[in-house]
Amino acid sequence: LVAAHASQGYALPSGIEAATAILMHHAREGERLFGDDPYTCTRCLDVDKDGDPLAVGGFESSGLHVFFLNIYDSDCYGGVACCRKF
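Keep in mind that this is a model prediction, so the values were computed, not measured. (Residues numbered from 1 in each chain as written. Predicted model: local features only at pLDDT ≥ 70, side-chain atom pairs only at ≥ 80, totals over all residues. Heavy atoms only, no water.)

Novice: Sorry, what's going on with the side chain of aspartate 52 here?
Specialist: By the element assignment, aspartate 52 lies in the loop between strand S2 (40-47) and strand S3 (53-60). Buried and unpaired, aspartate 52 has no salt bridge, with lysine 49 as the nearest side chain of opposite charge at 7.9 Å. Here aspartate 52 is in contact with Asp46, Val47, Phe68, Leu69 and Asn70, once residues within four sequence places are set aside. (Helix = DSSP H or I, 4+ residues; strand = E, 2+ residues; numbered from the N terminus. Buried < 20%, exposed > 50% of the residue type's maximum accessible area, 1.4 Å probe, protein only. Lys, Arg positive; Asp, Glu negative; His and termini not counted. Salt bridge = Lys/Arg side-chain N within 4 Å of Asp/Glu carboxyl O. Contact = heavy atoms within 4.5 Å.)

Take a look at the structure:
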């Protein structure tokens, strides 16, 4: 889905890009994107040695979760958010 919009400047975010955007939105607006009710996250470009994607989300009062998403053992309703590259 993200690749279909690459010509318009959109790309899959790295973990640091996703975390920065989510935290900056919270600092400015007071809203927690990719929250914990329901637990949601976005997949990122980064992968671990097994090929599992890095995920950022589950933003709750204790903080933002950054973890590798094992698709066979996860309660995260992961999706993909894209970022616009300028």
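Additional details are given in the paragraphs that follow.
Novice: In this structure, what is going on with helix H1 (residues 15-29)? I would like to understand it.
Specialist: Residue pairs spaced three or four apart in an α-helix point in one direction, given the helix's 3.6 residues per turn. With 15 residues, H1 extends 21 Å between its outermost C-alpha atoms, agreeing within 8% with the 21 Å of an ideal straight helix rising 1.5 Å per residue. Summarising the contacts, the buried residues of H1 are in contact with S2, S3 and strand S4 (63-68). Of the residues one or two after H1, glycine 30 is the one with positive phi, at around 75°. (Expected span 1.5 Å × (residues − 1).)

Novice: So what exactly am I meant to see when it comes to the environment of cysteine 44 here?
Specialist: Secondary-structure assignment places cysteine 44 in strand S2. Spatially, the C-alpha atoms of cysteine 44 and leucine 12 are 6.2 Å apart, while their sequence positions differ by 32 residues. With residues near it in sequence (within four places) discarded, cysteine 44 still touches Leu12, Pro13, Ser14, Gly15, Ala18, Pro53, Leu54 and Val56.

Novice: Please clarify how unusual backbone geometry should be interpreted in this entry.
Specialist: Residues other than glycine predominantly adopt negative phi, and peptide bonds predominantly adopt the trans conformation. In this model, aspartate 37 is joined to proline 38 through a cis peptide bond whose omega is 0°. A positive phi angle, close to 55°, is found at phenylalanine 34, a residue other than glycine. For phenylalanine 34, the location among the structural elements is in the loop between H1 and S2.

Novice: When you look at the packing of aromatic side chains in this model, what are you seeing that I'm missing?
Specialist: Two descriptors summarise a pair of aromatic rings, namely the distance from one centre to the other and the angle between the planes of the rings. Using the criterion set out here, one finds one aromatic pair in the structure. Taken together, a centroid distance of 6.4 Å and an interplanar angle of 55° make the contact between tyrosine 39 and phenylalanine 67 tilted. Pair noted here: tyrosine 39 is in the loop between H1 and S2 and phenylalanine 67 is in strand S4, with a separation of 28 residues, a long-range link. Above the ring of phenylalanine 59, the side-chain terminus of arginine 32 is found at 5.6 Å from the ring centroid. (Phe/Tyr/Trp six-rings, centres within 6.5 Å; stacked < 30°, edge-to-face > 60°. Lys NZ or Arg CZ within 6 Å of the ring centre and 35° of its normal.)

Novice: Is there a simple way to explain the pairing of S4 in this structure?
Specialist: Two faces make up the sheet, and in a regular strand the side chains alternate between them. Across five bridges, S3 lies against S4 in antiparallel orientation. Looking across to S4, one finds that leucine 54 is bridged to phenylalanine 68. From the end of S3 to the start of S4, which pair antiparallel, there are two residues. (Pairing = 2+ DSSP bridges.)

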